[in-house]
Amino acid sequence: MDIFASIFAGLGLFFIGIRLLSNNVKQLIGRRMRVLITRVLAGNGSVALLGLLAGAIIQSLNAVTFVMVALVSAGAIDKRRAFPVISWANLGTSVLILMATLNMHWLILLLIGITGTTYYLNLDQSVRYRHAIGALLGLGLLFLGIDFIKSGSAILKHTLWLKDALQVAGHYPLLSFVIGAVIATLVQSSPTVTVVAMAMAAAGLLPFSSGAMIVLGAGLGSGLATLSMTGKLTGSARQLVLYQVALKAGGVGVMLALLTADWLTGQGLVEHLLLQLGLGASGQLAAIYILLQIASDLAMRVLRLPVLGLLERLAPPSVEEALGRPHYINDEALVEPETALILVNKEQQRLLASLPTYLDAVREDVSSSRPAAHILLAAEGSVIRECDAFLTELADRNYSRAVLEQTIILRDRNQLLSNLQEALTELDRAIGDPARMGEVRSLIDNLVESLHMMLETLAEVAAAPAAADLEMLRMLTHDRSELMDAIRRRMQGGSVAAEVQQAVFAATGLFERSVWLLRRYVLLLDVRSEGKAPLAAGSERASRYSAA
């Protein structure tokens, strides 16, 4: 019982360590690391080195793929530059497997001692160091879990019934392959399954044939596990996830063909070659894992064009993908704060000009090729979030007071834009088909046209706000609460159907909210027009950066 408890505890520590390491490293890389990755991929940096480092440090191909998905979705890099990074990161995950073959006992004690000391000094409470300390703790627990699994498995080799059962399983390679695939799909990690198999092989519990098939099955299982990442992803983002699945499947196919041919001929050349290299049972499975990653990369290099063509057909670029990319902001502009402010302002003006189209579906006799309001919200909402992250990074760089003041104003405007997008989308949903409004159709049309006119006027004025225009907008966006209350009271006393009444109540409330948000935006434009921030300078540099 103590033996199984030791192995079970080791697995628990290993899982905790992997999760702590992955989560804290993802927090550490943050936006600054994404900026670095973007610069490397946009220039002539070493994609291979970047991918290897990403896989070795994060120890999760899924996490690396998520970073690539975020960068491609934001338009920071081209998807064809992201594919090789995923391939090399897949090979980079082999670092953990190589370290698992070594005696890490002294390093484990050192890591836990250092981490404990940082906790005693309360450094884990520091915003600057807490994620680094969390990653260090995760690494220590990960290796401690491996040590527990090794020690428990070493004792298990004296358990004859288990040894016999595993040796029998070794005669059924397909069973071992399925076991590896199922477990890796559940835990979403092929290195985890490989480390456990290596520990059992080192203890003499797992023959090479069975262990190798478990490793290959784990490779396929981890690839299938990434399918759960696709979710609502579309276009290029979905292509990256499917590319990872194809990458894993290609390597597994090559290795299966190699090992199957070797075993059918009865030569056992692969195992013999690994023995000649002086590798023990654990090292042999580590070598199979590394060969699997190399085979994946080689197979993808050969089949790259047909695979990419297939991905284009399976996940064609979506409308949301085109609309959901910033047109002006880019990380290079952060080095010049005045230019960065101008680019955010231009991005916000573009989104502001798009707001009237949210009402196209509920306007009378208006046909539009623009997507529906909920699609615009999903796409342009991501641009709003990217602008917010961009402004946060700008504020963190401690530029002048004038820059900080304007950054705060732009962030407030950003939030108002987001709220307006949501309110207009809800209004579109509340009205639905205007034809169903019957006798109150004219009322709804008047509300929609009035709001549409205010949105268009604001978009025009925002480009070059003048005192007279701003005064006109303040008059247009005056408080409408009394008027909306009067409309709602009339509806309650009339003969209008309950469903239509509910739609009118929702529409008037959303109209009132939208007008209030527009007025708030006008007031922020008025602050900008007083010359409190350097938005009027540097247009030439802004054009240069937005075109870059």
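Above this text is the structure in question.
Computed from a predicted model, the values in this text were never measured in an experiment.

Q: Where do I start with the overall build of the protein in this structure?
A: Helix and strand content of the protein: 23 helices and zero strands. Per-residue burial for the protein yields a buried fraction of 49% across its 548 residues. Sequence separation of at least 24 residues holds for 81% of the intrachain contacts in the protein that already meet a minimum separation of 6. Of the roughly 25,500 Å² that the protein leaves accessible, carbon and sulfur atoms contribute 62%.

Q: Please clarify how the packing of aromatic side chains should be interpreted in this entry.
A: The geometry of two aromatic rings is summed up by the distance between their centres and the angle between their planes. In total, this model carries one aromatic pair according to the counting rule given. Ring geometry for phenylalanine 83 versus tyrosine 243: centroids 4.6 Å apart, planes at 35 degrees, classification tilted. Note that phenylalanine 83 is positioned in helix α4 (residues 79-92) and tyrosine 243 in helix α12 (residues 235-264), a separation of 160 residues in sequence. Exposure remark for tyrosine 243: the relative accessible area of 1% places this residue in the buried category.

Q: What is the right way to look at the packing of helix α17 (residues 373-396) against helix α18 (residues 401-431) in this model?
A: Working note: a packed helix pair is described by the angle between its axes plus the distance between those axes. In contact at an axis separation of 10 Å, α17 and α18 are set at 165 degrees when each is read in the N-to-C sense. Looking at the two axes, α17 sits roughly antiparallel to α18. Pair α17 / α18 crosses with left-handed handedness. The residues of α18 that touch α17, namely those facing Ala373, His374, Leu377, Glu380, Gly381, Ile384, Cys387, Asp388, Leu391, Thr392, Leu394 and Ala395, are Leu404, Thr407, Leu410, Arg411, Asn414, Leu417, Ser418, Gln421, Glu422, Thr425 and Asp428. In terms of residue class, the contact of α17 with α18 is made up of ten nonpolar, eight polar and five charged.

Q: I keep staring at unusual backbone geometry and nothing clicks. Help me out?
A: When glycine is set aside, most residues are seen to have a negative phi, and most peptide bonds are trans. The phi angle at asparagine 122 is positive, at roughly 60 degrees, despite the residue not being glycine. By secondary structure assignment, the location of asparagine 122 is in the loop between α6 (105-120) and α7 (130-156).

Q: I tried to follow the nonpolar core on my own but got confused; where do I start?
A: Ranked by internal contacts, the top residues of the largest apolar core, which has 66 residues, are Leu352, Leu355, Leu359, Ile431, Leu451, Leu458 and Val504. Secondary structure elements with two or more residues in this core: α16 (337-354), α17, α18, α19 (441-463), α20 (467-476), α21 (481-493) and α22 (498-529). Every residue in contact with leucine 359, bar those within four places of it in the chain, is listed here: Leu424, Leu427, Val448, Leu451, His452 and Leu455. Membership of the second largest hydrophobic core comes to 28 residues, among which are Val252, Met255, Ala286 and Ile288.

Q: Sorry if this is basic, but what is going on with the side chain of arginine 413 here?
A: Checked against the element boundaries, arginine 413 lands in helix α18. In this structure arginine 413 is buried but unpaired, with aspartate 412 as the nearest side chain of opposite charge at 9.3 Å. Polar side-chain contacts of arginine 413 include one of 3.3 Å to the side chain of tyrosine 521.

Q: Sorry, what's going on with the packing of helix α10 (residues 190-202) against helix α11 (residues 208-225) here?
A: Where α10 contacts α11, the axes come no closer than 8 Å and their chain directions differ by 165 degrees. With respect to α11, the axis of α10 lies roughly antiparallel. The two elements α10 and α11 cross, and the hand of that crossing is right-handed. Two secondary-structure elements touch here, α10 through Ser190, Val193, Thr194 and Ala197 and α11 through Ile214, Val215, Ala218, Gly219 and Ser222. Residues belonging to the contact of α10 with α11 are distributed by class as follows: five nonpolar, four polar and no charged.

Q: Could you clarify how one ought to interpret α11 in this entry?
A: In an α-helix, one turn spans 3.6 residues; hence positions three or four apart end up facing the same way. Across its 18 residues, α11 extends 25 Å between first and last C-alpha, which sits within 8% of the 26 Å expected from 1.5 Å per residue. Most of α11 is tucked away: 15 of the 18 residues are buried.

Q: Looking at this structure, how should I read the pattern of salt bridges?
A: Pairing is possible between side chains of opposite charge, provided their charged atoms come close. If you walk through the whole model with that rule in mind, you get ten salt bridges. One salt bridge in this structure joins aspartate 297 and arginine 301, with 2.8 Å as the shortest N-O distance. One end of the pair is aspartate 297 and the other is arginine 301, both in helix α14 (residues 281-314) and four residues apart, which spans about a single turn. A relative accessible area of 14% places aspartate 297 in the buried class. Across the salt bridge formed by glutamate 471 and arginine 474, the nearest N and O atoms sit 2.6 Å from each other. Taken together, the residues glutamate 471 and arginine 474, both in helix α20 and three residues apart, mark about one turn of the helix.

Q: Just to check I follow, could you spell out the environment of serine 189 for this structure?
A: Note that serine 189 resides in the loop between α9 (173-187) and α10. For serine 189, a relative accessible area of 11% corresponds to the buried category. Sequence-wise, serine 189 and leucine 61 are 128 residues apart; in three dimensions their C-alpha atoms are separated by 8.7 Å.

About the thresholds
Along each chain, numbering runs from 1 in the same order as the chain's sequence is written. Local features are withheld for residues below a pLDDT of 70 in this predicted model, meaning they are given only at 70 or higher, and side-chain atom pairs are given and counted only at 80 or more; totals for whole chains, interfaces and linings count all residues. Side-chain measures were taken over the full set of non-hydrogen atoms in the model, leaving aside hydrogen atoms and water. Counting from the N terminus, the helices are DSSP H or I runs at least four residues long and the strands are E runs at least two residues long. Relative accessibility under 20% of the residue-type maximum defines a buried residue, over 50% an exposed one, and the middle range a partly exposed one, all with a 1.4 Å probe and only protein chains included. Contact definition: two residues touch when any of their heavy atoms are within 4.5 Å. For accessible areas, the Shrake-Rupley method is used with a probe of radius 1.4 Å. Any residue's cover is judged against the shown protein chains and nothing else. Only the six-membered ring of Trp is used, alongside the rings of Phe and Tyr, when aromatic pairs are assigned; centres must lie within 6.5 Å, and planes under 30 degrees apart are stacked while those over 60 apart are edge-to-face, with the rest tilted. Each axis is a line fitted through C-alpha atoms, taken for helices only over the stretch in contact, and angles between the N-to-C directions span 0 to 180 degrees. For classification purposes, an angle smaller than 35 degrees is called roughly parallel, one larger than 145 roughly antiparallel, one from 65 to 115 roughly perpendicular, and anything else oblique. The sense of a crossing depends on the near helix, which, turned anticlockwise from the far helix by less than a right angle, makes the crossing left-handed and, turned clockwise, makes it right-handed. Throughout this entry, Asp, Glu, Lys and Arg are counted as charged residues, while Ala, Val, Leu, Ile, Met, Phe, Trp, Tyr, Cys and Pro are counted as nonpolar. The remaining residues, Gly among them, count as polar. In this description, a nonpolar core means a group of buried Ala, Val, Leu, Ile, Met, Phe, Trp, Tyr and Cys residues linked to one another through side-chain atoms lying within 4.5 Å. The convention is simple: Lys and Arg are positive, Asp and Glu are negative, and His and the chain ends are not counted. We define a salt bridge as a contact between a side-chain nitrogen of Lys or Arg and a carboxyl oxygen of Asp or Glu at a distance within 4 Å. For this analysis, a polar contact is any N or O atom pair within 3.5 Å, provided that within protein one partner can donate a hydrogen and the other can accept it, and provided that sequence-adjacent residues contribute only side-chain to side-chain pairs. Take the number of residues in a helix, subtract one, and multiply by 1.5 Å to get its expected span.

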